[in-house]
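Topology and contacts: notes
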Amino acid sequence: WRTIPWDFDVGLGVFYDPGDAPLFPDGIDPTIQRMYNHPAFVRAYWRELEFGANRIFPNPAITRILSSKHDAYRTNGLGFTSPFVPSGAYGLSIPDWISARRAFLQGQLATVAASFAILSPANFSTNRNVALITGTAPVGVKTILVNGVAYPIAWATTTRWTLQVPLPAG
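Residue indices follow the written sequence of each chain, beginning from 1 at its first position. Local features in this predicted model are restricted to residues whose pLDDT is 70 or higher, and side-chain atom pairs enter the listing and the counts only when it is 80 or higher, whereas totals over whole chains, interfaces and linings include all residues. The side-chain quantities take in all heavy atoms of the structure and omit both hydrogens and water.

**Topic: the overall build of the chain**
Per the convention used, a helix needs a DSSP run of H or I reaching at least four residues, while a strand needs a run of E reaching at least two, with both numbered from the N terminus. Per the secondary structure count, the chain includes five helices and six strands. Listed by position from the N terminus, the elements making up the chain come as α-α-α-α-α-β-β-β-β-β-β. Here the chain has a C-alpha radius of gyration of 22 Å; the compact-globule value for 170 residues is 15 Å, and the former is much larger. Projected onto the principal axes, the alpha-carbon positions of the chain cover approximately 75 × 35 × 25 Å. Going through the 170 residues of the chain one by one, you find that 31% of them count as buried. Per-residue and other accessible areas were derived by the Shrake-Rupley procedure at a 1.4 Å probe size, with only the shown protein chains allowed to occlude residues. About 11,000 Å² of surface is accessible on the chain, with carbon and sulfur atoms providing 58% of the total. Seen as two clouds, the 13 positive and the 10 negative side-chain charges of the chain have centres 11 Å apart. As defined in this context, the radius of gyration uses C-alpha atoms, and a globule is described by 2.2 Å times the residue total to the power 0.38. Buried residues are those whose accessible area, probed at 1.4 Å on protein chains only, stays under 20% of the maximum for their type, while exposed residues exceed 50% and partly exposed ones sit between those limits. For the purpose of counting charges, residues Lys and Arg are taken to be positive, whereas Asp and Glu are taken to be negative. His and the chain ends are not included. To locate a charge, take atom NZ for lysine, CZ for arginine, CG for aspartate or CD for glutamate.

So, in structure tokens, the structure goes:
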């Protein structure tokens, strides 16, 4: 699953939301609430928010796009407020709103920050054919490899994971 541009309206801002509008509001659709309660889904959402905050929002192309759209509107006789002029309910220009939302998102991302770590097992021996490995990972981690092989990850929380790794005999 990958968030596409029109999906960013919730995480990056919808309609006339303030820059600090909550990411996980109360009283939402039950299907979305189930998503918020499922660690693997909410983790993917955090990963996309991180991508948006760190790769899309600081992109200088946004300024070029805003300028070209506004210039095209003016050229065609359409009277729109410049995206660089403070306006709206919060008195912010679009670039100022983007900066405020980005700062808010970075603060929210800090609440789910984690280092990559293997928590268990340290040293072990077993008579079973599967090793259970647990750890933590930043939200940007999508795949974990063990000896070059990606195994399915079970996410217990937004940052805590478990892998079942098959073991050869012997």
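**Concerning the nonpolar core**
Ranked by internal contacts, the top residues of the largest apolar core, which has 16 residues, are L23, W46, L49, F57 and L105. For this core, the secondary structure elements donating two or more residues are α3 (39-56), α4 (61-75) and α5 (94-110). Buried residues of nine kinds, namely Ala, Val, Leu, Ile, Met, Phe, Trp, Tyr and Cys, make up a nonpolar core once their side-chain atoms join them within 4.5 Å. Counting 10 residues, the second-largest nonpolar core is a separate cluster that includes V141, I144, Y151 and W161.

**Considering the confidence of the model for the chain**
Here pLDDT means the predictor's own confidence in every residue, given as a number from 0 to 100. With 91% of its residues at a pLDDT of at least 70, the chain reaches an overall mean of 87. Here helix α1 (residues 8-11) is the element of the chain with the lowest mean pLDDT, 57, and strand β5 (residues 153-155) is the one with the highest, 96.

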